[in-house]
Structure formats: C-alpha cells, structure tokens
Amino acid sequence: MHIPDGFIPLWQCAIYYVILIVALYFSLKWARKNLDEKAVPLMAVLAAGIFAIMSMNMPIPFGTSGHMVGGALVAIVFCAPEAAVIVFTLVLLVQALFFGDGGITALGANVLNMGIVGGFVGLYTFKGLRKPIGKYPAIFIAAWLAIFLAAELAAVEMWLAGTFPLVAGLASMGIYHFFIGIIEGVLTVVVILALEKLRPDLLAWNKNKNKDLGEQKAEESEVTAK
Amino acid sequence: MSTNDKYFVVVGVIICLVIAVMSPFLASPDPDGLEKSAENVGVGETEPVIGSPFPDYSIEGLDQIGEIAALAIGIIITLIIAYVVAMLLRRRNPPETSP
C-alpha cells in the first residue's frame, strides 16, 4: 500500500507532512510518559519484523498480491496508536530512503494510512470488540478493518490528488484489501498469540493487572539482591 | 537489557532473517493492491524523487542473493534505528506513584 512519488501533488504532500508532524508531536509526548526502557527491544524488533514481513507478498485473487502491514499489531501490543505512528514513521522512512519503496514525498500520506489510521482503527476496534466477541476474534477483525480502511483512505487521497477516479479507486482498493486484510488478520493473531505464550510481560494489556504484583516482586528481588 | 530481552531480540532478528531468505523465492511477483489499482485506472509507474542504494530491495548484478542481502541490510538498519530512537524517546523517570 506504499504510495510512490508522483501520485500526489507536492502541495497535498505538504498537508500530509503537517499531519505527520502533529501526530509525531503527540507520539513523542506519549513515549516520554509511557515508553518503558523494557519496551525498547520490543519496539525495535517489531519495526524490524514489519520491515521484513512487508517483503513477503502473498498472492490474492485477481493477479494481485499483498503483504502484512502491522499497524494494528503495534497499536494493540503497546495499547497505544502512538507506538504505531513512531514505528511506521521509522520503517517507511528506511524503505523510502534505502529501497525506493513508497515515495519520500508521500511519507506523510503513507504514515497517515498505515500508522495513524492503521493504529487507531486497529486498537479501538479491538477494544470495542474484545468483550463481546473475545480477544482473538477481536484482534482479527481489528487488523482486517485497519488495513481495509487504510486502503480506502489511500483511494480517497488518490482521488483528491486527481490520480484515481473516486468510485473505481475505492472499488479496486477495497476488493484487493478485503483479501489482504485476511492475511493481516491471521498474521496479527499469530504474532500476538506467540507473544502471549512466550513473553506475556511484553504485552501492554498484561501490564496493568500485573503492575502491583510485578512491582512488588521487583522491589523484593532488589531487596534480596542487596 | 536483561538476558530475557537479549534472547527476545536475537530470536526476533532470526525470524526476520528467515523471512528475508525465503521471500525472494516465495513472495508473489504480482503487483500489490495499490499498484494493481493504479493499473486498473490507467496510471503508470512513476520515478522516485530520490535515488536509493537498493531500489526494489535488490542489489544490481546480484539476483536472489542480492535481494536477500538487501533485505538483511534493511532489517538490521531498521532494528538499530528503531532501537536508538526508542532509547532516545523513552520515559526517563519512574512513573509517579498515584496518590
């Protein structure tokens, strides 16, 4: 879903860059308050993993392919869409600068679609559905919806840019990302299942309920260490 | 970093590198959703504004080996940049205890 250079006129790119800067401002504030040193390796590995998985295009119908994006994944793991904004800004910047994937002029739009919309839609859909349908079905639908809406927003951006006609763009992007979303949903569930199994302490949703216990334990072990 | 976290990073990087080794062989060469949509409405490919050292995740003159190498380089660059940036942005003080 990486928008290349030349699909969006520069003055519109500037608007998306302004949105990116505002989002980064709030994300940096979030990090300063909430990003534990313990979560730093998690953020780094998720960024590298997202970079890697984006190379694995899987076939979908109509001679098209798609890969996992991971906006919902990052936002759900950290319980914060701000984390997705930071991760996607870095990954998309590396891809644009070193690999010519996604234009540097379209960076703002690409972070808006995959990081900001992906993160917000992913996290809040998950939060809303978690109780009624259960954790993992909610993750699947959240990840599916995140990528589907991100793609439709990209279609709207292409229309505003005068690159795609509105209806044809929405229809194409919608149909392809309906299928790509299934890949996204399955892989997001798999990654979170694996984290829950191997490193449940890294998932933000386990942090609040473990906090009192965990801090007590940490204090105790510090005391015994001394 | 605790031993547990070092282990997590090592396992994470290994998984990423396994993906990098497989994807030049397994990844679908078909256009992705956006490229295909652009084809459907008759929009051609555009040139990137800046040149990149590894266009399309490849190294000139090397086929699949080049792709694997380019991806591996990208994985390491992304890991290091994200680690350094996250270290710079992280919370410095312990959270204030709620009253």
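Our subject is the structure that appears above.
Residues numbered from 1 in each chain as written. Chains lettered and ligands numbered in written order. Predicted model: local features only at pLDDT ≥ 70, side-chain atom pairs only at ≥ 80, totals over all residues.

A. Local environment of helix H1 (residues 3-26) of chain B. The end-to-end C-alpha distance of H1 of chain B is 34 Å, a good match for the 34 Å that 24 residues give at a rise of 1.5 Å each. In this fold, the buried residues of H1 of chain B make contact with helix H2 (40-53) of chain A together with helix H3 (64-89) of chain B. (Helix = DSSP H or I, 4+ residues; strand = E, 2+ residues; numbered from the N terminus. Expected span 1.5 Å × (residues − 1). Contact = placed C-beta atoms within 7 Å.)

B. Local environment of unusual backbone geometry. Residues and elements named next belong to chain B. A positive phi angle is found at Asp56, which is not glycine, with a value near 55 degrees. With respect to the helices and strands, the residue Asp56 is situated in the loop between helix H2 (33-40) and H3. For Asp56, a count of 10 C-beta atoms within 10 Å corresponds to the exposed category. Positive phi, close to 55 degrees, is recorded for Tyr57, a residue that is not glycine. Structurally, Tyr57 is set in the loop between H2 and H3. Since 25 C-beta atoms lie within 10 Å of it, Tyr57 is described here as buried. (Buried ≥ 20, exposed ≤ 12 C-beta atoms within 10 Å, placed from the backbone.)

C. Highlighting the nonpolar core. Residues Met43, Ala47, Ala48, Ile76, Val87, Ala150 and Ala154 of chain A are the most contacted members of the largest nonpolar core, which totals 99 residues. Every residue in contact with Met43 of chain A, bar those within four places of it in the chain, is listed here: Ala83 and Val87 of chain A together with Ala82 and Ala86 of chain B. (Core = buried A, V, L, I, M, F, W, Y, C linked by C-beta atoms within 7 Å.)

D. Structural detail: the packing of helix H4 (residues 81-99) of chain A against H3 of chain B. H3 of chain B packs onto H4 of chain A with a crossing angle of 140 degrees between their chain directions and a minimal axis gap of 10 Å. The angle between H4 of chain A and H3 of chain B places the two elements in the oblique class. As H4 of chain A runs across H3 of chain B, the sense of the crossing is right-handed. Across from Val87, Leu90, Val91, Val94, Phe98 and Phe99 of chain A in H4 of chain A, the residues of H3 of chain B making contact are Gly74, Ile77, Thr78, Ile81, Ala82 and Val85 of chain B. Grouping the amino acids of the contact of H4 of chain A with H3 of chain B by side-chain chemistry returns 10 nonpolar, two polar and no charged. (Axes fitted to C-alpha atoms, helices over the stretch in contact; angles between N-to-C directions. Parallel < 35°, antiparallel > 145°, perpendicular 65-115°, else oblique. Left-handed = near helix turned anticlockwise from the far one by under 90°. Nonpolar A, V, L, I, M, F, W, Y, C, P; charged D, E, K, R; others polar.)

E. Layout of H3 of chain B. For H3 of chain B, which comprises 26 residues, the first-to-last C-alpha distance of 37 Å matches the rise-based estimate of 38 Å (1.5 Å per residue) to within 8%. Every buried residue of H3 of chain B is accounted for by Glu67, Ile68, Ala70, Leu71, Gly74, Ile75, Thr78, Leu79, Ala82 and Ala86 of chain B. Summarising the contacts, the buried residues of H3 of chain B are in contact with H2 and H4 of chain A together with H1 of chain B.

F. Seen up close, the interface of chain A and chain B. Between chain A and chain B, the residue contacts involve 58 residues of the former and 50 residues of the latter. Sorting the residues of the side of chain A that touches chain B by element identifies helix H1 (10-34), H2, strand S1 (58-60), strand S2 (64-66), H4, helix H6 (135-160) and helix H7 (166-198) of chain A as the ones contributing at least two each. In terms of residues, the side of chain A that touches chain B owes the most to one element, H2 of chain A, which gives 11 residues. When grouped by side-chain class, the residues that make up the side of chain A that touches chain B number 36 nonpolar, 16 polar and six charged.

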